[in-house]
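Listed here are the chains, written in short residue letters.
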Amino acid sequence: MSDVVLYEQRGAVALLTLNRPQRLNAWTDELGRRYFDLLDRAADDPEVRVIVVTGAGRGFCAGADMELLQEIGAAGAGAGAGAGEVARDQRSQLHTLSIPKPVIAAINGACAGLGLVQALMCDLRFAAEGAKLTTAFSRRGLVAEHGVSWVLPRLVGPARALDLLLSGRVFLAEEAYELGVVNQVLAPGDLLAGALAYADDLALNCSPASMAAMKHQVYAHLEAGSAAALEESTRLMVGSFGAPDFAEGVASFLEKRPPAFPPLQRG
């Protein structure tokens, strides 16, 4: 069993830890396959309601491992085919968006290139004070890779996204918060505990079915017109009125007790 990504279940929260600390958790084919396999494992486990992702050691993920980049660069004209193989092996970098449970990134340190892409594909991002982030692609002679040109403008707007992409400059967690790249900035010693506490609150008090529906709505409606979004939202709302989660949510509120929502069955 590979240990390049660790899996720990803490109650209803699955904690995934990128585990190549000697390389600042730089992305490799093996790490990518393991990461997505474990995301699927958490998605399929009815006992897991929320997923938290972080990095071992001083970094979250420093991007693609330089040895991998050197191999692709050395391939020259064949690099395109090699990159295609990597993409197929690792599934789409958008795979995280298909997980029907909340995925929270706890960015504990350096977060660059492909590492930043993966953090952006999580639904929420908490970052440690002073953590360094960068798109980096323009400084390696690359383009906006792996869907970052889709997700980043939707978080910060096109002009700010172009600033971060064109310059490849390093920006700190505090600026990332101001831009809307991250949701919260915490002291380094409080980061993981804070992310896990937030995840625990979701797991304890929020309907898994509601959260899955909302995640679908938010990402699907980015590409939909307002009329189509309203139509689907109305259909889902009417359906929710007859679902057991609605009855339990109302009853638990009136009875002043924690809700006992059923687990999500991935279908």
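Just so we're clear, the structure is a prediction, and the values are computed from it rather than from any experiment.

## Details of the overall build of the chain
Looking only at helices and strands, the chain features eleven helices and ten strands. Here the C-alpha atoms of the chain give a radius of gyration of 19 Å, agreeing with the 18 Å that 2.2 N^0.38 yields for 267 residues. For the chain, the spread of C-alpha atoms along the principal axes amounts to about 65 × 40 × 35 Å. A total accessible area of about 12,900 Å² is found for the chain, and carbon and sulfur atoms account for 59% of it. Between the mean site of the 23 positive side-chain charges and the mean site of the 30 negative ones, the chain shows a separation of 2 Å.

## Focus on the packing of aromatic side chains
Evaluated as defined, the whole model comprises five aromatic pairs. Judged by centre distance (5.4 Å) and plane angle (75 degrees), the ring pair of Phe126 and Tyr198 falls under edge-to-face. Placement of the pair is Phe126 in strand β7 (residues 124-128) and Tyr198 in helix α8 (residues 191-205), with a sequence separation of 72 residues. Of the residues examined, Phe126 reaches a relative accessible area of 1% and is grouped as buried.

## Concerning the side chain of Gln93
Within the secondary structure, Gln93 is located in the loop between α3 (79-89) and β5 (103-107). For Gln93, the side chain forms a polar contact with the side chain of Gln118, separated by 2.4 Å. Setting aside residues up to four positions removed in sequence, Gln93 forms contacts with Trp27, Phe36, Leu114, Gln118, Met121 and His146.

## Section: the pattern of salt bridges
Counted under the stated rule, the structure contains ten salt bridges. The partner of Asp163 in a salt bridge is Arg169, and the shortest N-O contact between them spans 2.8 Å. Among the residues examined, Asp163 registers a relative accessible area of 32% and is labelled partly exposed. Residue classification places Arg169 among the partly exposed residues on the basis of a relative accessible area of 22%.

## Quick word on the pairing of strand β2 (residues 13-18)
In terms of residue burial, β2 counts as a mostly covered element, since six of its six residues are buried. Side chains Val13, Leu15 and Thr17 of β2 all project onto a buried face; the interleaved residues Ala14, Leu16 and Leu18 project onto the opposite face, where all are buried too. In terms of strand pairing, strand β1 (residues 5-10) meets β2 through six bridges, oriented antiparallel. Bridge assignment links Glu8 to a residue of β2, and that residue is Leu15. Once β1 ends, the chain turns through two residues before running back antiparallel as β2, passing Gly11 with a positive phi of about 65 degrees. Two strands pair when backbone bridges link them, and β2 and strand β3 (residues 50-55) are joined in this way by six bridges, in the parallel orientation.

## Quick word on the packing of helix α5 (residues 148-156) against helix α6 (residues 158-167)
In a packed pair of helices, the relevant descriptors are the angle between the two axes and the axis-to-axis distance. Following both chains from N to C, one finds α5 and α6 inclined at 130 degrees, their axes separated by 7 Å at the closest point. Between α5 and α6, the angle falls in the class oblique. Both α5 and α6 take part in a crossing whose hand is right-handed. From α5, Val148, Leu152, Pro153 and Val156 reach across to α6, where they touch Pro158, Arg160, Ala161, Leu164 and Leu165. Residue composition of the contact of α5 with α6, by class: eight nonpolar, no polar and one charged.

Definitions and limits used
- Residues numbered from 1 in each chain as written.
- Predicted model: local features only at pLDDT ≥ 70, side-chain atom pairs only at ≥ 80, totals over all residues.
- Heavy atoms only, no water.
- Helix = DSSP H or I, 4+ residues; strand = E, 2+ residues; numbered from the N terminus.
- Rg over C-alpha atoms; globule rule 2.2 N^0.38 Å.
- Areas by Shrake-Rupley, 256 points an atom, 1.4 Å probe, with all protein chains shown as cover.
- Lys, Arg positive; Asp, Glu negative; His and termini not counted.
- Charge placed at Lys NZ, Arg CZ, Asp CG, Glu CD.
- Phe/Tyr/Trp six-rings, centres within 6.5 Å; stacked < 30°, edge-to-face > 60°.
- Buried < 20%, exposed > 50% of the residue type's maximum accessible area, 1.4 Å probe, protein only.
- Polar contact = N/O pair within 3.5 Å; in protein donor to acceptor, adjacent residues only side chain to side chain.
- Contact = heavy atoms within 4.5 Å.
- Salt bridge = Lys/Arg side-chain N within 4 Å of Asp/Glu carboxyl O.
- Pairing = 2+ DSSP bridges.
- Axes fitted to C-alpha atoms, helices over the stretch in contact; angles between N-to-C directions.
- Parallel < 35°, antiparallel > 145°, perpendicular 65-115°, else oblique.
- Left-handed = near helix turned anticlockwise from the far one by under 90°.
- Nonpolar A, V, L, I, M, F, W, Y, C, P; charged D, E, K, R; others polar.

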